[in-house]
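Working through the structure, step by step
For reference, the chains in residue letters:
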Amino acid sequence: MENTRLVAKLDLLRQRLTALSPGLLALSGGLDSRVLAHLAWSWELEFRAVHVRGPHVPPAETAYALAWAASLGKTLEILDVDPLAHEGVCVNDKTRCYHCKKAMFQSLGALAERLDLSCMIEGSQASDATVYRPGRQALAELGIVSPMAEVDLFKPELRAIARSTGMADPEQAARPCLLTRLEYGLRPTQDMLARLAACEAELAVMGLLDFRLRMHRDGRAVLQVSMTEAGLAERLTRPISEALQRHDLGYAELLVTGSVSGYFDI
């Protein structure tokens, strides 16, 4: 990709965000939404950043988002939303992400209305259109704007932007919603999600970065790691097993894959 092409996309993004300001910015704490917030703030545009907290969000992700915003002298508001209160989420079929996104952004919309903000933006980017993302339909129905996707910015470009602007953790690994760890048809509970989040947090402390702990309907657990993590995961067999036992998750089969995304969508 030519640098001039990226500069042109950034110019279009700045124009689009300027036109949308003031508004509410949904900040999950992942790389995509952080880049969006980072650029909006660096361009001194008026966007109120809000982070959705709930049983589907690992506490470590919420802590990371808060710490990152604070490091920039920015306030990140917290909005508590429980997607498990919605049967469409608990049924946990292939439309789960649609129902979850709808629940979250309806709550964000109610907050935006109270704050008299007419526009809501979020961090989807062009790469998201190439994979299974049923939540995109909910965003479209609710009129949520995805400005980085609109100007055709892809994930590698976001990492390049993060690096060139000095943004912290430009190689941040994706850590999607905890519900993605569950096989379709497995009904989620707050306790199950909390145990998954706690165990994954322990594995991250051990040094694993690009991994997911998957749960099947038959009770099987699978520790999915990328090829670059395989050696470390094998060396950590015993402490990983002990962590799983501590969180009542049983034994996990080690599965090495090129990508750790979309495991249950294949």
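Just so it is clear, the structure is predicted and the values come from calculations on it, not from any experiment. Starting from 1, residues in each chain are numbered consecutively following that chain's sequence as written. It should be noted that, the model being predicted, local features are given only for residues of pLDDT at least 70 and side-chain atom pairs only at 80 or more, the latter also being counted only at that level, while totals for whole chains, interfaces and linings use all residues. Heavy atoms throughout the structure, all of them, feed into the side-chain values; hydrogens and water do not.

**Some details on the pairing of strand E3 (residues 77-80)**
Heads up, the rule is: At least two bridges found by DSSP between two strands are what make those strands a pair. For the purposes of this entry, the term helix denotes a DSSP run of H or I that reaches at least four residues, the term strand denotes a run of E that reaches at least two, and both are numbered from the N terminus. Orienting the strands away from the viewer, one traces the path from the first strand over the helix to the second; a clockwise path indicates a right-handed crossover.
For strand E2 (residues 47-53) and E3, the ladder comprises four bridges, and the chain directions are parallel. In the sheet register, histidine 51 faces E3, and the bridge partner there is isoleucine 78. In this fold, the crossover linking E2 to E3 by way of helix H3 (residues 59-71) has right-handed handedness.

**As for the sheet that holds strand E7 (residues 252-257)**
To keep things clear, this is the line we draw: Every axis corresponds to a line fitted to the C-alpha atoms, with the helix fit spanning only the stretch in contact, and the corresponding angles, defined between N-to-C directions, vary from 0 to 180 degrees.
With mixed pairing, the three strands of this open sheet are ordered in space as E5-E6-E7. Strands at the two margins of the open sheet, each flanked by one partner only, are strand E5 (211-215) and E7. Taken pair by pair, the neighbouring strands of this sheet meet at an average axis angle of 25°, ignoring direction. Pairing of strand E6 (residues 221-226) with E7, which is carried by six bridges, proceeds in the parallel orientation. Among the inter-strand pairings, valine 225 is bridged to a residue of E7, identified as valine 256.

**Side note on the state of the cysteines**
Selection criterion: Disulfide: a pair of cysteine sulfur atoms within 2.5 Å of each other. Exposure categories follow from relative accessible area, calculated using a 1.4 Å probe and restricted to protein chains: below 20% of the type maximum is buried, above 50% is exposed, and the middle band is partly exposed.
Per the stated rule, a full pass over the model turns up zero disulfides. For the unlinked cysteine cysteine 199, the closest cysteine sulfur is that of cysteine 177, found at 17 Å. Given the relative accessible area of 0%, cysteine 199 is considered buried.

**Overview of the pairing of strand E1 (residues 23-26)**
Looking at chain direction, E1 and E2 are connected through four bridges and run parallel. For leucine 24, the partnering residue across the bridge sits in E2 and is arginine 48. Handedness of the crossover is the feature at issue here: the chain leaves E1, passes through helix H2 (residues 31-42), returns alongside E2, and the resulting connection is right-handed. Pairing of E1 with strand E4 (residues 120-121), which is carried by two bridges, proceeds in the parallel orientation. Paired with leucine 25 across the strands is isoleucine 121, a residue of E4.

**Regarding the nonpolar core**
Note the threshold: Put simply, a nonpolar core is a bunch of buried Ala, Val, Leu, Ile, Met, Phe, Trp, Tyr and Cys residues held in one set by side-chain atoms that sit within 4.5 Å of each other. Note on definitions: a residue-residue contact is assigned when non-hydrogen atoms from the two residues lie within 4.5 Å.
One finds Leu24, Leu108, Leu208, Leu213 and Leu223 to be the most contacted residues of the largest nonpolar core, which totals 43 residues. When residues of this core are traced back to their parent elements, those giving at least two are E1, E2, helix H4 (87-90), helix H5 (96-114), helix H9 (190-205), E5, E6 and helix H11 (237-246). Contacts of leucine 223, omitting those with residues within four sequence positions, involve Leu203, Leu208, Phe211, Arg212, Leu213, Ile240, Ala252, Glu253, Leu254 and Leu255. Among the nonpolar cores identified, the runner-up in size contains 31 residues, and Leu25, Leu39, Trp43 and Ala65 belong to it.

Note that every value here comes from positions in space, so none of it alone points to a role or purpose.
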